[in-house]
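# Fold and contact review
Here's the letter readout for the chains.
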Amino acid sequence: MWLIVAGVVVAALGIAVILTYRVPPWLVGQVIRPRLWGVGMLLLGVYVLSLSSGADRGFFRSGGPLDFLRYVLLAAALGLVVVSTRVAQHKK
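Reference entry: report on the structure contained in this document. (Residues numbered from 1 in each chain as written. Predicted model: local features only at pLDDT ≥ 70, side-chain atom pairs only at ≥ 80, totals over all residues. Heavy atoms only, no water.)

### Focus: the overall build of the protein
Counted only if it meets this: Secondary structure counts use DSSP, requiring at least four H or I residues in a row for a helix and at least two E residues in a row for a strand, with both numbered from the N terminus. Residue exposure (1.4 Å probe, protein chains only): buried if accessible area is under 20% of the type maximum, exposed if over 50%, otherwise partly exposed. In this analysis, two residues are considered to be in contact whenever any of their non-hydrogen atoms come within 4.5 Å of each other. Using a 1.4 Å probe, accessible areas were evaluated by the Shrake-Rupley method; residue-level cover was limited to the displayed protein chains.
For the protein, the helix and strand inventory stands at three helices and zero strands. The secondary structure elements of the protein, listed N-terminal to C-terminal, are α-α-α. Within the protein, the proportion of its 92 residues that are buried is 29%. Of the contacts formed within the protein by residues at least 6 apart in sequence, a portion of 65% connects residues at least 24 apart. In the form shown here, the protein has an accessible surface area of approximately 6500 Å², with 71% of it arising from carbon and sulfur atoms.

This is how it looks when you write it as structure tokens:
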């Protein structure tokens, strides 16, 4: 139940950022490519939804043919989020 709620919230956040080109206020100075960040969050939400208990049956069962796709989805989501954020600058 909580995975479904978390997945829907993260996916909705990604869709909102894609459509409005605005990130949450606490990320305004850190995200340099908002739409790319939104796509990454959307993919992360889909990944979390795939972890819900109902998705573990059928194609996504452990060791199933699409189980590898789940991890590719996670890697793509995290990669997009990392690429779209600004690297911290160290002061000397």
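### Topic: the environment of L19
If you trace the backbone, L19 turns up in helix α1 (residues 2-20). As a C-alpha pair, L19 and P34 span 15 residues in sequence and 10.0 Å in three-dimensional space.

### Observations concerning the nonpolar core
In plain terms, the rule: We define a nonpolar core as any set of buried Ala, Val, Leu, Ile, Met, Phe, Trp, Tyr and Cys residues linked to one another through side-chain atoms lying within 4.5 Å.
Ranked by size, the top nonpolar core spans twelve residues in total: V10, V17, V23, L27, V31, W37, M41, L44, Y47, V48, A77 and V81. Looking at this core, the elements with two or more residues in it are α1, α2 (34-50) and α3 (67-83). Sort the elements by how many residues they give to this core and α2 lands first, with five residues.

### Structural notes on the side chain of S84
Quick reminder of the rule: Whenever two N or O atoms come within 3.5 Å, that pair is a polar contact, provided that in protein one can donate a hydrogen and the other can accept it, and provided that, for residues adjacent in sequence, both atoms are side-chain atoms.
One can find S84 in the segment after α3. Classification of S84 as buried rests on a relative accessible area of 0%. There is a polar contact of 3.0 Å between the side chain of S84 and the backbone oxygen of V81. Residues within four places of S84 in sequence aside, it is in contact with Q30, V31, I32, R33, L36 and W37.

### Considerations on a nonpolar patch on the surface
What counts, and what does not: Patch construction takes residues with relative accessible area above 30% that form no salt bridge. Like charges are linked within 9 Å, and nonpolar side chains (Val, Leu, Ile, Met, Phe, Trp, Tyr) are linked within 5 Å. Note on definitions: salt bridges are taken to be side-chain nitrogens of Lys or Arg within 4 Å of carboxyl oxygens of Asp or Glu.
Residues M1, W2, V5 and V9 make up a contiguous nonpolar surface patch of about 520 Å² in total accessible area. Within the element layout of this structure, V9 appears in helix α1.

### Structural notes on the environment of R70
Checked against the element boundaries, R70 lands in helix α3. Counting along the chain gives 23 residues from R70 to Y47, while the straight-line C-alpha distance between them is 6.4 Å.

### Regarding α1
Put simply, the test is: In a helix, the anticipated span is given by 1.5 Å times the number of residues less one. Picture the helix axis, draw a direction to every C-beta atom, and the arc is the one those directions span.
End to end, α1 covers 27 Å across 19 residues, agreeing with the expected 27 Å (1.5 Å per residue, within 8%). For α1, the set of buried residues is G7, V10, A11, G14 and V17. In a view along the axis of α1, the buried residues occupy a sector of 120°, so they form one face of it. Facing away from the buried side of α1 by over 90 degrees, the exposed positions are W2, V9 and L19. Residues of α1 that are buried in the fold lie against α2. Of the residues flanking the end of α1, it is Y21, one or two places downstream, whose phi is positive at about 60°.

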